[in-house]
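So you can see what is in the structure, the chains are spelled out below.
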Amino acid sequence: AFKVLNIAVSSKFPNRMKPCTSAIESAEAKLRILGARCLANLDKRHAAAVASPLSDTLLEDPEDSVRDAVQNILRDSPHASLRQIALMRDLVSSKEQVVLKSISLVEKLKSKAVTKALQSLLSHKSPAIRKSTRTSLLKRKEATVLAQVVSDKEVSAALRQETALSMLGTGTVKVQAMSYL
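All residue numbers refer to positions counted from 1 along the written sequence of the respective chain. This being a predicted model, a pLDDT of at least 70 is required before a residue's local features are given, and a value of 80 or more before pairs of side-chain atoms are given or counted; all residues contribute to the totals for chains, interfaces and linings. The side-chain numbers reported here are obtained from all heavy atoms of the structure, hydrogens and water having been left aside.

1. Quick notes on the overall build of the protein chain
For clarity, the cut-off: Helix numbering and strand numbering both begin at the N terminus, where a helix is a DSSP run of H or I of at least 4 residues and a strand a DSSP run of E of at least 2. Per-residue accessibility, obtained with a 1.4 Å probe over protein chains only, is compared with the maximum for each type, and a residue is labelled buried under 20%, exposed over 50%, and partly exposed between these values. In short, Shrake-Rupley with a 1.4 Å probe defines the accessible areas, and a residue's cover is counted only from the protein chains shown.
Scanning the protein chain from terminus to terminus reveals 12 helices and 0 strands. When the helices and strands of the protein chain are listed from N to C terminus, the series reads α-α-α-α-α-α-α-α-α-α-α-α. For the protein chain, the proportion of its 181 residues judged to be buried stands at 44%. A total of about 10300 Å² of accessible surface is found on the protein chain, and carbon and sulfur atoms cover 56% of it.

Structure representation (structure tokens):
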């Protein structure tokens, strides 16, 4: 099975989706990884169809090595929608450098899911992550998300002040920042 799938992947057979999907459900870790690589590199028209099995493998595979391999495969995918899956997972990593890198990479991805993920990082324990998130939201022209933090009385005063100070140079929301300060 491994040799057949390897040939299907390397020769880019047009009808390889079914064997790739079967491989990702295999009991053998090497086959699951190869199946994920095969799915992630299908034509763009298949990207939406393969997102679910790849996400499921990324989140639910019993082996760390398979999840890590799928994460890397998705990061390197030629399809933005598949890269976004990996980057969204990176945003919740326990490793600060991984989160910081992911914040800069998702900056160009315009989606509500990315905005929501960034919004949740505004109260992260790491000052570097909070600062990078605020910068990213401003570059994405999503200053209103920051304005919500400033006006939310349930958010700590220190965090509201930190956010307001970052908004001072942003034109339209400058007034909101100044009203807080």
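2. Comments concerning helix α9 (residues 127–139)
Rules: Helix span, as expected, comes to 1.5 Å for every residue beyond the first. Arc, as used here, means the arc of the directions from the helix axis to the C-beta atoms. A contact between two residues is defined here by any heavy atoms of the two lying within 4.5 Å.
In a regular helix each residue adds 1.5 Å, so 13 residues correspond to 18 Å; α9 covers 18 Å between its end C-alpha atoms and thus fits that length. Of the positions making up α9, those classed as buried are I129, R130, T133, R134, S136 and L137. For α9, the arc enclosing every buried residue in end-on projection is 165 degrees, short of the 170-degree limit, so these residues lie on one face. Facing away from the buried surface of α9 by more than 90 degrees, the exposed residues are P127, K131 and K139. Among the structural elements, α7 (96–106), α8 (112–121), α10 (143–151) and α11 (157–167) are those in contact with the buried residues of α9. Once α9 ends, the next one or two residues include K141, with phi positive near 60 degrees.

3. Some details on helix α6 (residues 80–90)
Considered for burial, the residues of α6 that qualify are L82, Q84, I85, A86, L87 and D90. Tucked inside the fold, the buried residues of α6 contact α3 (29–40), α4 (47–60), α5 (64–75), α7 and α8.

Function cannot be read off these values alone, since they describe shape.
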